[in-house]
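# Structure assessment
One letter stands for each residue in the lines below.
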Amino acid sequence: MREFKSETRLNKIKEVLKKRQPNLSVILENIHDPHNVNAILRSCDSVGVSKLALLYFIERFPKLSRNSSASSSKWIDLEYYDSPVECISQLKQEGYKILGSKVAPEAKTIHQIDFTQKVVVLFGNEHRGISEESEKLCDELFYIPMYGMTQSLNVSVATAVTLYEALRQRQLAGLYDKIQYNEQEYETLIDQWCHRNDERIPKNKQD
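Below is a short write-up of the structure. (Residues numbered from 1 in each chain as written. Predicted model: local features only at pLDDT ≥ 70, side-chain atom pairs only at ≥ 80, totals over all residues. Heavy atoms only, no water.)

## As for unusual backbone geometry
Leaving glycine out, the prevailing phi sign among residues is negative, and the prevailing peptide bond configuration is trans. Phi at Asn-30 is positive, roughly 55°, even though this residue is not glycine. If you trace the backbone, Asn-30 turns up in the loop between strand S1 (24–29) and helix H2 (34–47). Assessed through its relative accessible area of 2%, Asn-30 is described here as buried. (Helix = DSSP H or I, 4+ residues; strand = E, 2+ residues; numbered from the N terminus. Buried < 20%, exposed > 50% of the residue type's maximum accessible area, 1.4 Å probe, protein only.)

Listed below in structure tokens is the structure:
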């Protein structure tokens, strides 16, 4: 398939994969508004997140929009879960540290969190936040400091702010300066990305 790609397109794929951060991931729990999910996918792609977990056990799995996320969702591997225990246990087995977004006495600010580790950031429903079940399974809680009259951000904005703090830390640590995959993984991903049609978006769980 590589031979059917233009040199410019192939080079773009290679350069983007060189910056991918496979040890930085996201869980979205029961996010109601699909527009928020689509916006989060764009933020994930922009900072190099390669995998995102959709954890839905109250709300329905979201339908992804071709208009707002098609250019980003096809470059991120989506995993679907309907159980907090199953989702978080699986990611912990893969070596991730689970960081839950919640304002709580024991929570740290995003500036106190080490995002250069192998971490997953968990964001909950727009109104309910993360569930008690998921909170108990988190390794740490974090929040975004705010000084206005309102004490919350839109979940897609909160995710973007958090991911860009992770990007800042990872840039300083030089993690974007070296490929995070071994040679075989990198070559395999180039082939996989070359096969991805420009109109492809991941199928929804309920389809």
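## Some points on the side chain of Gln-21
Note on placement: Gln-21 falls in the loop between helix H1 (7–19) and S1. Setting aside residues no more than four positions away along its own chain, Gln-21 makes contact with Val-47, Gly-48, Val-49, Ser-50, Arg-170, Leu-175, Tyr-176 and Gln-180. (Contact = heavy atoms within 4.5 Å.)

## Here we look at helix H4 (residues 84–93)
The set of residues buried in H4 consists of Pro-84, Cys-87, Ile-88 and Leu-91. One face of H4 carries all of its buried residues, which in axial projection span an arc of 85°. Structurally, H4 contributes buried residues whose contacts are with S1, strand S2 (51–55), strand S3 (77–81), strand S4 (97–101), strand S6 (119–123) and helix H5 (132–137). (Arc of directions from axis to C-beta.)

## Overview of a nonpolar patch on the surface
A contiguous nonpolar patch, built from Leu-153, Val-157 and Val-161 and spanning about 200 Å² of accessible area, is present on the exposed surface. Along the polypeptide, Leu-153 turns up in the loop between strand S7 (140–143) and helix H6 (155–172). A residue is classified by how much of its surface remains accessible, and Leu-153, at 38% relative accessible area, is partly exposed. (Patch = residues over 30% accessible without salt bridge, like charges linked within 9 Å, V, L, I, M, F, W, Y side chains within 5 Å. Areas by Shrake-Rupley, 256 points an atom, 1.4 Å probe, with all protein chains shown as cover. Salt bridge = Lys/Arg side-chain N within 4 Å of Asp/Glu carboxyl O.)

## Structural notes on the sheet that holds S6
Sheet architecture is open: seven strands sit in the order S3-S2-S1-S6-S4-S7-S5, paired in parallel fashion. The open sheet has two edge strands with one neighbour each: S3 and strand S5 (108–109). Packing against the sheet, H4 makes contact with S1, S2, S3, S4 and S6, and its axis sits at approximately 160° to S2. Here H6 sits on the sheet and contacts S1, S6 and S7; the angle it forms with S6, its principal contact strand, is near 165°. (Pairing = 2+ DSSP bridges. Axes fitted to C-alpha atoms, helices over the stretch in contact; angles between N-to-C directions.)

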